[in-house]
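# Structural features, examined
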Amino acid sequence: MNENSCSFHNEKELRDGQVESVSPGYLPPCDKDSSALLAFRGVPLPLQISELKNHGILRALTAEANGWEPGVVSTEVLGAQEEWEAVDSIQPETGSRASSDQPGQLVSFSEALQHFQTVDLSSFKKRIQPTIRRTGLAALRHCLFGPPKLHQGLREERDLVLTIAQCGLDSQDPMHGRVLQTIYKKLTGSKFDCALHGDHWEDLGFQGTNPATDLRGAGFLALLHLLYLVMDSKTLLMAQEIFRLSRHHIQQFPFCLMSVNITRIAIQALREECLSRECNRQHRVIPVVNSFYAATFLRLAHVWRTQHKTISDSGFVLKDLEVLAKKSPRRLLKTLEMYLAGVSKGQASLLGAQKCSGPQAPHSKDLTFTGVCDLPPHSSEGTWLI
């Protein structure tokens, strides 16, 4: 076949998108295309795909829909075809702004709380015990000398807090994922999303690669408390300072796991009505519980740094902190107010005059953390959180 007939054949092929009758196992009798195919040998596969597509050969060899079934096809061509079909189509963005439900956007505490106020939590609400049951002399003593009962109008808000503490982490819920991503980004300064499972959660102070396994006794409320801590500009500075302390080369501790234990103390204080007086005074529950959590964490960090505590002291420090927090919640809240007032003036440091110095330690999987629920019964007095 001469060059004119070959050129005509190519033009007709490109125009119609198909080839006329071709014998099985036989390439189109065009010297130019045949030599082009032979020239592709040794060229990287992605370039082969592109060039085959441009020359129309791949289309000709795979035109089964037009009635041609090849008998013998080069393994290189089959490989190229499979590679091409495996490539996902690139979908263009539909707009410059992503939907508010899309992962990647930071979520505020109020937005996350509103999510729980609108979803059905009836199955979780059945599990809660709003107050501690007392009998005998303990009940009489609490009635005579204990804190006041929570106002009737605030009990629904209290029950919501305790219900959220019964909810676990659901990786299929976009809001749950956004809360985790926000906590990670605000603590690390990262601008990118991370996987919901992985070693990076151990770097933040969870015990394993899945944060859900560390929420025992505090549920999703533990993550809401962390979200509250990092999304307020004043408490964010405190959170970052505690986070740096948790990575100290000597005094390191698992930051997020410690936070979960602080949330447990807050839950117990609420159930024992230790916060009722302050809730009644402020006519709200959730902000009081949040501030109590932050104040208790602040106190822990101060004791940890100034008294040179290490991970081996964790259970005893938390137990002493629990007793103090329940006994003097107003004192803790006042300390937090003073700290935040100092932050606004650029003066406050929870570590006092002694700044956290020295190299930061990488997260160690060998840390043995003892929480408030892990101490042996004879080590201290008080009620257990779980």
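This text goes with the structure placed above it.
Residues numbered from 1 in each chain as written. Predicted model: local features only at pLDDT ≥ 70, side-chain atom pairs only at ≥ 80, totals over all residues. Heavy atoms only, no water.

Moving on: the overall build of the chain. If you tally the helices and strands in the chain, you get 18 helices and zero strands. Counting all 386 residues of the chain, 44% fall into the buried class. Residue pairs in contact within the chain that sit at least 24 positions apart in sequence constitute 74% of those at least 6 positions apart. (Helix = DSSP H or I, 4+ residues; strand = E, 2+ residues; numbered from the N terminus. Buried < 20%, exposed > 50% of the residue type's maximum accessible area, 1.4 Å probe, protein only. Contact = heavy atoms within 4.5 Å.)

This part takes up the packing of aromatic side chains. Enumeration over the complete set of coordinates arrives at eight aromatic pairs. On the numbers, 5.4 Å between centres and 80° between planes, the contact of phenylalanine 243 with phenylalanine 255 is edge-to-face. Residue phenylalanine 243 is located in helix α13 (residues 233–246), and its partner phenylalanine 255 is located in helix α14 (residues 255–271); the two are separated by twelve residues in the primary sequence. When its relative accessible area of 10% is taken as the criterion, phenylalanine 243 is described as buried. What makes phenylalanine 255 buried here is its relative accessible area of 1%. (Phe/Tyr/Trp six-rings, centres within 6.5 Å; stacked < 30°, edge-to-face > 60°.)

So, about the packing of helix α17 (residues 314–327) against helix α18 (residues 329–344). Contact geometry for α17 and α18: axes closest at 5 Å, N-to-C directions at 95°. Classified by the interaxial angle, the pair formed by α17 and α18 is roughly perpendicular. Along the contact surface, α17 presents Leu324, Ala325, Lys326 and Lys327, while α18 presents Pro329, Arg331 and Leu332. (Axes fitted to C-alpha atoms, helices over the stretch in contact; angles between N-to-C directions. Parallel < 35°, antiparallel > 145°, perpendicular 65-115°, else oblique.)

What follows concerns the pattern of salt bridges. A side chain with one charge may pair with a side chain of the opposite charge, provided their charged atoms come close. The tally for this structure, following the rule as stated, stands at ten salt bridges. Two residues, lysine 319 and glutamate 322, come together in a salt bridge whose shortest N-O distance is 2.8 Å. Here lysine 319 pairs with glutamate 322, and both are found in helix α17, just three residues apart, close to one helical turn. Between lysine 326 and glutamate 322 there is a salt bridge; the shortest N-O distance is 2.7 Å. With a gap of four residues between them, lysine 326 and glutamate 322 both fall in helix α17, about one helical turn apart. Overall, the relative accessible area of 16% leaves lysine 326 in the buried class. (Salt bridge = Lys/Arg side-chain N within 4 Å of Asp/Glu carboxyl O.)

Without other data, these values stay purely geometric and don't point to any function.
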